[in-house]
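Summary of structural features
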Amino acid sequence: MANAAPEIEESWRLALQEEFKADYFVRLKAFLREEVKKHIIYPPGKLIFSAFDLTPLTAVRVVIIGQDPYHGRGQAQGLAFSVPDGIRIPPSLQNIYKELHDDLGIPIPHTGNLEKWARQGVMLLNATLTVRSGQAGSHQGKGWEQFTDQVIRTISDLRAGIVFLLWGRFAQEKETLIDTSKHFILKAAHPSPFSANKGFFGCRHFSKTNEILRSNGMGEIDWNPVGEIIAPGF
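Report on the accompanying structure. (Residues numbered from 1 in each chain as written. Predicted model: local features only at pLDDT ≥ 70, side-chain atom pairs only at ≥ 80, totals over all residues. Heavy atoms only, no water.)

It is worth spelling out the overall build of the protein chain at this point. Each helix and strand in the protein chain was counted, giving 9 helices and 6 strands. The principal-axis extent of the C-alpha atoms belonging to the protein chain is close to 50 × 35 × 35 Å. Looking at the 234 residues of the protein chain, the share that counts as buried comes to 54%. Counting only carbon and sulfur atoms, one obtains 51% of the accessible surface of the protein chain, whose full area is about 10900 Å². When the 26 positive and 25 negative side-chain charges of the protein chain are each reduced to one mean point, those points stand 4 Å apart. (Helix = DSSP H or I, 4+ residues; strand = E, 2+ residues; numbered from the N terminus. Buried < 20%, exposed > 50% of the residue type's maximum accessible area, 1.4 Å probe, protein only. Areas by Shrake-Rupley, 256 points an atom, 1.4 Å probe, with all protein chains shown as cover. Lys, Arg positive; Asp, Glu negative; His and termini not counted. Charge placed at Lys NZ, Arg CZ, Asp CG, Glu CD.)

Listed below in C-alpha cells is the structure:
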C-alpha cells in the first residue's frame, strides 16, 4: 500500500502519522523502491528508523543532529555518528570520543556503537535517513529533510526541557525549528577533522548536558558507550 506507514516505534508512528500520508513522503517511498532495484542502499531497510525505535518520543532527553548516513559497507545503522561493533570508528566519532575523554574522563572506547546513548534518550537523528552505497549525499533533496525537520518540530512541540546539541553549520540551521523558550540549545563546531579545532574541542557539551538535565530533574546520561547503563534513567 503506497500510503501505509513504515514500521516504526509506536509513539513516533502516532505523532508522525500525517507525515506518512503526505504527498512528499509517498514520493520518497516510491523513489526508495526504485533505488533498491538498481543500487545498494544504506542502512538496511530494517535499520532506517533505528533512531526512532531505540529512542521513543516519550523518552527523548537529548537530540544530536547529523546530516547523512555513512555510505560505506557495514557502517550505517540508522543512528547519527554511530557504527556497529567491529566497524572502524570514523574520524568525526573519534573526535567526539576525544572530547568525551577530555570533558568527563571517559576512556576512549574501542567501539563506535552508540546504541547505549540512544537507549537512554539521546536521539541520534540524521537529516537524511538513507544513502546510495559509495555516494555521499545521494539521497538528499528527496524528501527526508522535510520529514526530519518535522521530527524536530514534533519534539519541540510535544516535549519540554530537551537539550539539542547542534554541531556545525548544518545542524545549527535547524535552530529555527526549535522553541528556545522551553528547550536548551548548545552549539559548537562540527567534530569533523576539518573543523573540530575551531570550537568542538573544549565545548564540554557532555558535562553541560548532564548539568542541564540534572537541574531539571531529568537524570543524567551515562555517556560511556560501553558497559551497562549506570546513570539513573529519569
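On we go.
With parallel pairing, 4 strands are arranged side by side in an open sheet as E3-E2-E5-E6. Looking along the sheet, the strands with just one partner apiece sit at the ends: strand E3 (122-126) and strand E6 (184-188). Shown here is a sheet whose adjacent strand axes are inclined to one another by a mean of 20 degrees, direction ignored. Relative to E3, strand E2 (residues 62-66) is paired through 5 bridges, and the arrangement is parallel. The partner of Ile64 across the bridge, within E3, is Leu124. Set on the sheet, helix H7 (residues 144-158) makes contact with E2, E3 and strand E5 (163-167); between it and E3 the angle comes to about 155 degrees. (Pairing = 2+ DSSP bridges. Axes fitted to C-alpha atoms, helices over the stretch in contact; angles between N-to-C directions. Contact = heavy atoms within 4.5 Å.)

Now for the packing of aromatic side chains. Going through the model one piece at a time under the given rule, you end up with 18 aromatic pairs. A centroid spacing of 6.0 Å and a plane angle of 70 degrees characterise the contact between Phe49 and Trp144, whose relative ring orientation is edge-to-face. Residue Phe49 is found in the loop between strand E1 (41-42) and helix H4 (50-54), and its partner Trp144 is found in helix H7; the two are separated by 95 residues along the sequence. Grouping residues by exposure puts Phe49 and Trp144 together as buried. Centre to centre, the rings of Trp117 and Phe206 are 6.0 Å apart; their planes meet at 55 degrees, and the pair counts as tilted. (Phe/Tyr/Trp six-rings, centres within 6.5 Å; stacked < 30°, edge-to-face > 60°.)

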